[in-house]
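Survey of secondary and tertiary structure
Spelled out, the chains give:
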Amino acid sequence: MKLTWLGHASVLIEGSVNIIVDPFLEQNPAAAKKVSEIPKVDVVAVTHDHEDHISDAFTLAKRDNAVVVAMHEIAVKAMEEGLSAEGMNIGGSIEVKGAKFTMVLAVHSSYRGHPCGYVITLDGKRIYHAGDTGLTRDMEIIGELYPPDVSFLPIGSRYTMDVVQAAKAVEYTRTKVAVPIHYNTWPPIQADPEEFKRLVGDRARVVILKPGESLEL
Ligand code: NI
Ligand code: MN
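Because the structure is predicted, anything quoted here is derived from the model rather than measured.

What counts and what doesn't
Residues numbered from 1 in each chain as written. Chains lettered and ligands numbered in written order. Predicted model: local features only at pLDDT ≥ 70, side-chain atom pairs only at ≥ 80, totals over all residues. Heavy atoms only, no water. Donors = N, O, S within 2.8 Å, 3.2 Å for Na, K, Ca; no water. Tetrahedral: all angles 85-135°; square planar, octahedral: opposite > 155°, others 65-115°. Helix = DSSP H or I, 4+ residues; strand = E, 2+ residues; numbered from the N terminus. Buried < 20%, exposed > 50% of the residue type's maximum accessible area, 1.4 Å probe, protein only. Contact = heavy atoms within 4.5 Å. Polar contact = N/O pair within 3.5 Å; in protein donor to acceptor, adjacent residues only side chain to side chain. Pairing = 2+ DSSP bridges. Axes fitted to C-alpha atoms, helices over the stretch in contact; angles between N-to-C directions.

**Section: the coordination of the nickel ion (ligand 1)**
Ligation of the nickel ion (ligand 1) by protein atoms is provided by His48 (NE2), His50 (ND1), His108 (NE2) and Asp132 (OD), these donors lying 2.2 to 2.3 Å from the ion. Bound by four donor atoms, the nickel ion (ligand 1) shows angles of 91 to 176 degrees at the metal and therefore irregular coordination geometry. Between the nickel ion (ligand 1) and the manganese ion (ligand 2), both coordinated by Asp132, there is a metal-metal distance of 3.3 Å. Placement of His108 in the loop between strand S8 (99–105) and strand S9 (116–122) and of Asp132 in the loop between strand S10 (125–129) and helix H4 (139–145) is noted, with a sequence separation of 24 residues between them.

**Quick look at helix H5 (residues 163–173)**
Buried residues of H5: Val163, Ala166, Ala167, Ala169, Val170, Tyr172 and Thr173, and no others. Those residues of H5 that are buried are in contact with S10, H4, strand S11 (150–154), strand S12 (177–181) and helix H6 (193–200). The N-cap residue of H5 is Asp162: its side-chain oxygen and the backbone nitrogen of Val164 are 3.2 Å apart.

**Here we look at the sheet that holds strand S6 (residues 84–88)**
What the seven strands build is an open sheet, ordered S6-S5-S4-S3-S2-S1-S14; its pairing is mixed. What marks the edges here is a single partner per strand, and that holds for S6 and strand S14 (214–216). Neighbour to neighbour, the strand axes of the sheet diverge by 20 degrees on average, direction disregarded. Relative to strand S2 (residues 10–14), strand S1 (residues 2–7) runs antiparallel, the two sharing five bridges. Across the sheet, residue Trp5 finds its bridge partner in S2, namely Val11. Sheet contacts for helix H2 (residues 57–64): strand S3 (18–21), strand S4 (43–45) and strand S5 (67–71); angle to S4, the most-contacted strand, approximately 170 degrees. Set on the sheet, helix H3 (residues 72–80) makes contact with S5 and S6; between it and S5 the angle comes to about 145 degrees.

**A few points about unusual backbone geometry**
Of note in the backbone geometry, Asn65 takes a positive phi value of approximately 55 degrees without being a glycine. Tracing the backbone through its elements, the reader meets Asn65 in the loop between H2 and S5. Residue classification places Asn65 among the exposed positions, given a relative accessible area of 62%. Here the phi dihedral of His182 falls at roughly 55 degrees; this positive angle occurs in a residue that is not glycine. Here His182 shows up in the loop between S12 and H6.

**Structural notes on the environment of Ile141**
As for its position among the elements, Ile141 is in helix H4. You can call Ile141 partly exposed: its relative accessible area is 43%. Ile141 sits 107 residues away from Lys34 along the chain, and the two C-alpha atoms are 36 Å apart.

**Overview of the coordination of the manganese ion (ligand 2)**
For the manganese ion (ligand 2), the full set of protein donor atoms is Asp52 (OD), His53 (NE2), Asp132 (OD) and His182 (NE2), and the range of their distances to it is 2.1 to 2.3 Å. Ordering the donors of the manganese ion (ligand 2) by residue number gives the pattern D-H-x78-D-x49-H. For His53, a relative accessible area of 0% corresponds to the buried category. A relative accessible area of 2% means that Asp132 is categorised as buried.

**Brief notes about the pairing of S9**
Where burial is concerned, most of S9 is hidden: six out of the seven residues are buried. Where S8 lies against S9, six bridges are found, and the strand directions are antiparallel. In the sheet register, Phe101 faces S9, and the bridge partner there is Ile120. Note: S9 against S10, five bridges, orientation antiparallel. Within S10, the residue paired with Leu122 across the bridge is Lys125. From the end of S9 to the start of S10, which pair antiparallel, there are two residues, and Asp123 there has a positive phi angle of about 50 degrees.

**Quick look at the sheet that holds strand S7 (residues 93–96)**
Spatially, seven strands are ordered S7-S8-S9-S10-S11-S12-S13 in an open sheet, and the strand pairing comes out mixed. Each edge of the open sheet is held by one strand with a lone partner, namely S7 and strand S13 (205–206). Of the strands in this sheet, S10, S11 and S12 touch H5, which is tilted by about 150 degrees from S11.

Listed below in structure tokens is the structure:
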């Protein structure tokens, strides 16, 4: 399986099916690719409806006839726009095209519905995408029930966890490999991924990617 950080919170998962989480490419100054450069996706998962997470989601879903996985209220909006969508809510799990999506809590805001994160199980591996969130003890639930092989965690502060909180999130979720995201897209969310790595220490492997770089799992 290949996991690519496309910049900001956009993650492409290429396995037996292709999944993109929070595509934000066309308007993202740090994006590695434009929408036209993204391979065909089967599922588009959205953590919440802030522009830096949802902006290219419906475009991609329409292009590829992909299924939108989202919080109920966002899924309803997708269906109103003629897209195929699977709505859910925090605590729920669904299977879409052979991938399992468990929706988990994110402590954040949104226009429509509640923000969330996902634990995605694909080809026997578990991937946690935290969405935008502050640190919460509820992350221990992920560690107890669904310890991730790889976690994508925001470290940029201001709107999400900073490096200190994200390092604690690695501990709570019992993550094996942590990839920092949602930083250095713009000046207000500058963060040092090396500092995150130092704070995680030997509790997990931290892989610092540049936008467009991949991790093989
Ligand atoms: Ni947000
Ligand atoms: Mn955001």
